[in-house]
Amino acid sequence: MKIAIAQLDFHVGNFEKNSSKIIESIQKAKENKADLVIFSELCICGYPARDFLDFKDFIALCEKAVAEIAGHCKGIAAIVGAPAINTAPKGKGLFNSAYFLKDGGVEKVIHKTLLPNYDIFDEYRYFEPNRTFECIELNGKKIALTICEDLWNIDDDPLYLENPMDQLIKENPDFAVNIAASPFSFTHDDRRTKVLQRNAATYQIPFFYVNHTGAQTELIFDGCSTIVLPGGEMYKMPAFKEDIQYFDLDGAKQGNGFGPYKPIDKYELIYNALIEGIKGYFNKLGFKKAVLGMSGGIDSAVVLALSVQALGKENVLAVLMPSPYSSEGSKTDSLEMINKIGVEHQIIPIMPAMDAYSNLLAPSFEGLKPDITEENIQARIRGAILMALSNKLNLIVLNTSNKSEFAVGYSTMYGDAIGAISVLGDVYKTEVYQMSTYINRVQGNTIPDSIINKAPSAELRPDQKDADTLPPYEVLDSILFQYIENQRGPIEMIGMGFDKELVYRICKMVNQTEYKRFQAPPVLRVSDKAFGLGRRLPIVAKYLG
């Protein structure tokens, strides 16, 4: 049996485009004499559709698309993912389903059993879990058909009470198929690979895993569709790339998209993921051009390098907005990088606006000493300038704040916290520096050494440095990682050797600035625990406050 794996980028709610991609791939697979072509989880409607799933007309469009696609499955079978209506009188109204299409119609519908309800997942909000198990059959072969999470309950400490493969293996399937919508994090492919290997070793049949690629708002999908054989041999499709490749069950590999599994460097993964995230956000919303503020610091430099790769240098505007507190080096360093890349830029000094605000607010501030208020006004002036350029020139503002800053509230609401999408909001400051090294390796020293070696500073007052109010980023990021990613509280961290006073101070800063993150732009997710939908904390709370 010749099997085609279609690793594609789908768009939530874009039924016409999604169906067109699927039908085109079916025809291509048929021309290549494939018996079966496999697509990813919920590919018909795109993933995650979230509350669109509550709309009856949305589900009707899913059903219409499935019927249209099924009509093209003559002389070839296909597996596609879509919601299915639960006709039982009790339970949720939908299943998350895999449709087995054959002979111009729907041969069978298999429902997802294990519904993740953690981090960015909330599938139990919409779907009823499956409770019956059966294989599908094609050309005399039995296929154990599962959906994403259904394969993940194989750990020594399982999350769920049931393992679908334990039931399906009783029918002696010849191989297993898992269709998935598995979001990227820089550690995820390693874990996913181990899960697939363990399944193949446990059940002693080949496993075909098919994932989305592309990006949907803050979620990025790396593809990495994989075949694992019982003996441990493994083939993997490239990350972040649409493709269709073929595999014969007898092990004769077809095409050139598969390759042996090779771990990829963390910063190569993050680099490619962020580029994919920017592309997906702009393309799927119909945007073309971006604008960002260039401060002369490492964060804006990295965002500029990424955005140029994602959108093209002709589609990026860099804006310098110096104040009396901006160092000469910040301006010259920014211009050096801008000229090296060749992007358009503007220089808009903010002193006239600072003077205007000072005069405007003088009666209200009479008798009060300058403080952080005046610093925040500078940030908000810059934010207003970027938004004005966005409105007038039809540009989308890229946020340049990093995860360390977002975590401790080291950003100004309606100032440097603005933007339509946060590029580095899930990348700690120490990781940003590592990213700059990787960028210079692959882009040819795009970021000047003077930017990389400069002490971090917001430059909102004379001689200001981040170290004036924050611990060294190596220390800060270590505490933040334990608190955010590992969800360890102060007592646990103190037991690990962290300074008690510093731990409580940092945790308090994180908790007390939740209201800022609630109003921040969506953050491209590259870690296991990003700010946004995957980390839901109350804004008004006393814990460590």
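What counts as what
- Residues numbered from 1 in each chain as written.
- Predicted model: local features only at pLDDT ≥ 70, side-chain atom pairs only at ≥ 80, totals over all residues.
- Heavy atoms only, no water.
- Phe/Tyr/Trp six-rings, centres within 6.5 Å; stacked < 30°, edge-to-face > 60°.
- Lys NZ or Arg CZ within 6 Å of the ring centre and 35° of its normal.
- Axes fitted to C-alpha atoms, helices over the stretch in contact; angles between N-to-C directions.
- Helix = DSSP H or I, 4+ residues; strand = E, 2+ residues; numbered from the N terminus.
- Parallel < 35°, antiparallel > 145°, perpendicular 65-115°, else oblique.
- Contact = heavy atoms within 4.5 Å.
- Nonpolar A, V, L, I, M, F, W, Y, C, P; charged D, E, K, R; others polar.
- Core = buried A, V, L, I, M, F, W, Y, C linked by side-chain atoms within 4.5 Å.
- Buried < 20%, exposed > 50% of the residue type's maximum accessible area, 1.4 Å probe, protein only.
- Expected span 1.5 Å × (residues − 1).

Visitor: Kindly report on the packing of aromatic side chains, identifying the contributing residues and their values.
Guide: For the structure on display, the rule yields 15 aromatic pairs. Through pairs of rings, three or more aromatic residues link up here, namely Phe15, Phe52, Phe55 and Phe58. Its guanidinium or amino end placed over the ring of Phe531, Lys403 lies 6.0 Å from that ring's centre, counting from NZ or CZ. Sitting over the ring of Phe531, Arg517 keeps its end group 4.8 Å from the ring centre.

Visitor: With reference to specific residues and values, describe the packing of helix α5 (residues 266-285) against helix α11 (residues 429-443).
Guide: Look at α5 against α11: their axes get within 10 Å of each other, and the N-to-C directions meet at 85°. Taken together, the axes of α5 and α11 are roughly perpendicular relative to one another. Taken together, the residues of α11 that come into contact with α5 (itself represented by Lys266, Tyr267, Glu268, Ile270, Tyr271 and Leu274) are Glu431, Gln434, Met435, Tyr438, Ile439, Val442 and Gln443. Of the residues belonging to the contact of α5 with α11, the class tally is eight nonpolar, two polar and three charged.

Visitor: Report on the nonpolar core, specifying residues and quantitative values.
Guide: The nonpolar side chains of soluble globular proteins are, as a tendency, buried together. Ranked by size, the top nonpolar core spans 50 residues in total, and within it Leu274, Leu304, Leu306, Leu424 and Ile447 carry the most contacts. Mapped by element, the contributors of at least two residues to this core are α5, β17 (290-294), α6 (298-311), β18 (316-320), α7 (328-341), β20 (396-399), α11 and α12 (449-453). Leu304 has contacts with Leu292, Met294, Val316, Ala318, Met337, Ile338, Ile341 and Val343, leaving out every residue within four places of it along the chain.

Visitor: Provide a residue-level description of helix α1 (residues 15-31), including the pertinent values.
Guide: The terminal C-alpha atoms of α1 lie 24 Å apart, and with 17 residues this matches the ideal 24 Å at 1.5 Å per residue to within 8%. Tucked into the core, α1 has its buried residues touching β1 (2-7), β2 (36-38), α2 (56-70), β3 (77-85) and β14 (243-248). Remark: Lys33 follows α1 within two positions and exhibits a positive phi of approximately 65°.

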